[in-house]
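What follows is each chain in one-letter form.
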Amino acid sequence: MLVWCPDWPVVASGVPGPVAVMHANKVVACSPQARSEGVKRGLKKRDAQARCPELSIVDYDPGRDMRVFEPVVAAVEELAAGVAVLRPGVCAFSAKGPARYYKSEAAAAERIVEHIAIECEVEAQIGIADGAFAALLAARAGQLIAPGETSRFLAELPISTLERPQLADLLWRLGVRTLGKFATLPPGDVLARFGLDAALAQRLAAGKDDRPLAVRQPPPDLEVEDRFDDPVERVDRAAFAARALAERLHARLAGFGLVCTRLAIVAITAEGQELYRVWRHDGVLTANAIADRTRWQLEGWLTSGRLACGIVALRLLPEGVLAQAGLQPGLWGEAGAEQDRAHRAMHRLQGLLGPESVIIAVEGGGRDPRTRGSQVPWGDERVPDRPAGPWPGQLPPPAPAAILPEPAHLEVLDTHHQLVRVDARLRLSGDPALVVIGQSRLEVVNWAGPWPVDERWWSPAGEGNRVIRLQVVLRDQRAFTLVLSQGRWYLPHDFSEHYR
């Protein structure tokens with residue numbers, strides 16, 4: 001039994017509307033709205049944008065896809081045992097247990113799809129067949145294949161369903177158009193002519209997918225809790241309880257080879273009031289660091305007057321963990337050990353001067369690098385002022401090395417040493433040939449653009465910003481993104497100090 005979530009990279013991105021997920025400048029997944037406009041897998045970025053001008057572009061991120069898929073897997077594990085994740089958006093398990101419990105395979109499939117929709121608000125389809133390969137194809141077709149019927153189901157499917165483009169193209173030109181015809185070829189001849197991978201593909205085409213599932217190990221329960229017979233109302237007693245609970249949590253994490261990077265502290269009062277606070281840390285939270293943050297938080301709750309009665313239960317939850325084996329040791333010992341003093345000093349400053357006294361920079365969204373930076377208090381969640389999703393007209397990577405306090409004026413000249421201008425139809429008056437910055441005349445060997453940006457044109461307060469970008473490559477192979485605004489050319493970031 002296999003669970004398939006359609007267009008999972010698009011779903012995991014969380015971007016609404018027509019969306020295309022790109023990898024190596026090609027579409028690897030797209031939303032139904034984008035497909036209705038002619039976008040499909042394998043298209044290049046410019047071709048996809050030409051077919052759908054409103055298309056949002058999202059970079060392919062398998063780590064993000066797996067993180068977002070984790071709650072779906074957890075929901076499936078509530079109803080079925082031995083779940084194996086094949087890739088983000090696809091997981092499989094033996095159909096015998098759920099079918100026996102829910103009296104039939106169809107009832108089990110319906111119950112699991114309904115549970116995923118309720119718990120995760122995700123659309124899923126289920127397929128059943130003999131083997132994961134056939135079950136995935138059955139899930140895409142919305143079919144439950146009876147035992148022993150898998151080879152018949154696969155026989156009429158096109159050879160392209162093997163998802164091996166070179167092999168499929170060669171077989172097609174040889175007249176082998178379906179999986180059934182491919183399965184009837186002599187296995188020895190297939191191995192000798194096409195190689196081992198083709199021989200394995202032939203077994204899949206014949207419905208002989210006998211590879212065992214790599215069952216996923218459920219994540220361990222890492223939280224620790226302590227309950228008190230007498231409610232805790234004094235700071236010294238709370239500090240003692242925090243120290244003991246922190247050591248228990250650190251020992252449990254060490255037993256699984258993990259370390260904590262984000263800690264949630266939960267306190268429950270005698271009246272049932274629940275207080276919750278998350279502490280984030282750039283390094284590794286040691287046992288002392290966990291104890292200190294728990295003590296500071298309890299001290300804040302007990303002395304702030306927020307509690308009408310004492311604390312009867314204290315719980316620590318590691319919301320962010322890392323594998324200890326994958327940590328890079330610091331220059332002075334264990335990773336994070338020497339940074340802890342600095343972090344404690346920063347938290348102490350916040351306690352004395354307020355949360356806004358220590359701030360860090362966070363990169364967010366925006367069309368111009370100057371507007372993408374925002375500041376948040378140290379230890380708070382690093383959420384930028386502007387969301388980091390795709391912005392139409394956003395300057396693509398790589399990011400500039402520096403943002404100038406004031407944009408540097410320059411001139412862009414064509415081959416006749418005339419100033420390059422842009423008309424209303426975005427046509428250049430001439431090919432850029434020279435960039436003049438101060439006394440320096442830099443030869444242009446290549447250029448691209450122009451690209452217009454018309455931002456906040458609807459604002460009645462005059463907050464709109466209309467610019468035109470032009471990318472040039474110089475003789476020394478350095479690249480600039482130049483901006484034309486109100487008839488004048490500017491260098492907004494990078495390199496201008498070098499030419500003064």
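All of the points below concern the structure found in this document.

Conventions used here
Residues numbered from 1 in each chain as written. Predicted model: local features only at pLDDT ≥ 70, side-chain atom pairs only at ≥ 80, totals over all residues. Heavy atoms only, no water. Phe/Tyr/Trp six-rings, centres within 6.5 Å; stacked < 30°, edge-to-face > 60°. Helix = DSSP H or I, 4+ residues; strand = E, 2+ residues; numbered from the N terminus. Buried < 20%, exposed > 50% of the residue type's maximum accessible area, 1.4 Å probe, protein only. Lys NZ or Arg CZ within 6 Å of the ring centre and 35° of its normal. 1 Å grid on protein atoms, 1.4 Å probe; cavity = no way out; pocket = protein on both sides within 12 Å on 5 of 7 lines; lining within 4 Å. Points joined across faces, edges and corners; volume = space filled by probe spheres on them. Nonpolar A, V, L, I, M, F, W, Y, C, P; charged D, E, K, R; others polar. Core = buried A, V, L, I, M, F, W, Y, C linked by side-chain atoms within 4.5 Å. Contact = heavy atoms within 4.5 Å. Expected span 1.5 Å × (residues − 1). Pairing = 2+ DSSP bridges. Axes fitted to C-alpha atoms, helices over the stretch in contact; angles between N-to-C directions. Polar contact = N/O pair within 3.5 Å; in protein donor to acceptor, adjacent residues only side chain to side chain.

**Description of the packing of aromatic side chains**
Here is step 1 of the chain: Summed over the entire model, instances satisfying the criterion amount to two aromatic pairs.
Here is step 2 of the chain: Ring geometry for Trp 8 and Phe 69: centres 5.3 Å apart, planes at 70°, overall edge-to-face. Placement of the pair is Trp 8 in helix α1 (residues 8-13) and Phe 69 in helix α4 (residues 62-77), with a sequence separation of 61 residues.
Here is step 3 of the chain: Using a relative accessible area of 3% as the deciding quantity, one classes Trp 8 as buried.
Here is step 4 of the chain: Plain terms: the ring middles of Tyr 101 and Tyr 102 are 4.9 Å apart, the flat faces sit at 85° to each other, and that makes the pair edge-to-face.
Here is step 5 of the chain: For Tyr 101, a relative accessible area of 62% puts it in the exposed group.
Here is step 6 of the chain: In this structure, Arg 140 is placed above the aromatic ring of Trp 4, and the distance from its NZ or CZ to the ring centre is 5.9 Å.
Here is step 7 of the chain: Geometry around Trp 172 places Arg 177 over its ring, the cationic atom sitting 4.1 Å from the centre.

**Topic: unusual backbone geometry**
Here is step 1 of the chain: Along the chain, Gly 449 connects to Pro 450 via a cis peptide bond; the corresponding omega equals 0°.
Here is step 2 of the chain: In this structure, Pro 450 sits in strand β16 (residues 440-455).
Here is step 3 of the chain: At Ala 24, a position not held by glycine, the phi torsion is positive, near 55°.
Here is step 4 of the chain: On the secondary structure map, Ala 24 appears in the loop between β2 (19-23) and β3 (26-30).
Here is step 5 of the chain: Of note, Gln 477 is a non-glycine position whose phi angle comes to about 70°, a positive value.
Here is step 6 of the chain: In this fold, Gln 477 is placed in the loop between β17 (465-474) and β18 (479-485).
Here is step 7 of the chain: The exposure class of Gln 477 is exposed, given its relative accessible area of 60%.

**Here we look at empty space enclosed by the protein**
Here the idea is plain: a probe the size of a water molecule rolls over the atoms and shows the empty space left.
Here is step 1 of the chain: Taken as a whole, this structure holds one cavity of 30 Å³ or more when the rule is applied.
Here is step 2 of the chain: Considering only enclosed or pocket space, the largest cavity measures out at about 40 Å³ in volume.
Here is step 3 of the chain: Every residue lining the largest cavity is listed: Phe 228, Val 232, Ala 238, Ala 241, Leu 298, Ile 311 and Leu 314.
Here is step 4 of the chain: Contributing elements (two or more residues each) for the lining of the largest cavity: β8 (224-232), α13 (235-255) and β11 (311-323).
Here is step 5 of the chain: Across the lining of the largest cavity, the residue classes tally to seven nonpolar, no polar and no charged.

**Focus: the nonpolar core**
Here is step 1 of the chain: The biggest cluster of nonpolar side chains holds 30 residues, and the ones touching the most others in it are Leu 263, Ile 311 and Leu 316.
Here is step 2 of the chain: Within the second largest apolar cluster, 28 residues are counted, among which are Ala 92, Ile 145, Ile 159 and Ala 201.

**So, the environment of Ala 205**
Here is step 1 of the chain: Counting through the fold element by element, Ala 205 comes out in helix α12 (residues 196-205).
Here is step 2 of the chain: Ala 205 sits 23 residues away from Phe 182 along the chain, and the two C-alpha atoms are 7.0 Å apart.
Here is step 3 of the chain: For Ala 205, the residues in contact, after removing those within four places along its chain, are Leu 154, Leu 179, Phe 182 and Ala 183.

**Some words on helix α14 (residues 287-303)**
Here is step 1 of the chain: Spanning 17 residues, α14 covers 24 Å between terminal C-alpha atoms, matching the ideal 24 Å at 1.5 Å per step.
Here is step 2 of the chain: Counted residue by residue, α14 has twelve buried out of 17 residues, so it is predominantly covered.
Here is step 3 of the chain: Among the residues of α14, those classed as buried are Ala 287, Ala 289, Ile 290, Ala 291, Asp 292, Arg 293, Thr 294, Trp 296, Gln 297, Leu 298, Trp 301 and Leu 302.

**A word on the sheet that holds β3**
Here is step 1 of the chain: As summarised here, the arrangement of the three strands in space is β3-β2-β4, forming an open sheet in which the pairing is mixed. The open sheet has two free edges, formed respectively by β3 and β4 (56-59), since each of these has just one partner strand. The average angle at which neighbouring strand axes cross in this sheet is 40°, direction not considered.
Here is step 2 of the chain: Looking at chain direction, β2 and β4 are connected through four bridges and run parallel. Looking across to β4, one finds that Ala 20 is bridged to Ile 57.

**Looking at the side chain of Thr 161**
Here is step 1 of the chain: Secondary-structure assignment places Thr 161 in the loop between α8 (150-155) and α9 (165-173).
Here is step 2 of the chain: Of note is the side chain of Thr 161, whose polar atom sits 2.7 Å from the backbone oxygen of Pro 158.
Here is step 3 of the chain: Dropping the residues within four chain positions of it, Thr 161 is found in contact with Phe 133, Leu 137 and Leu 179.

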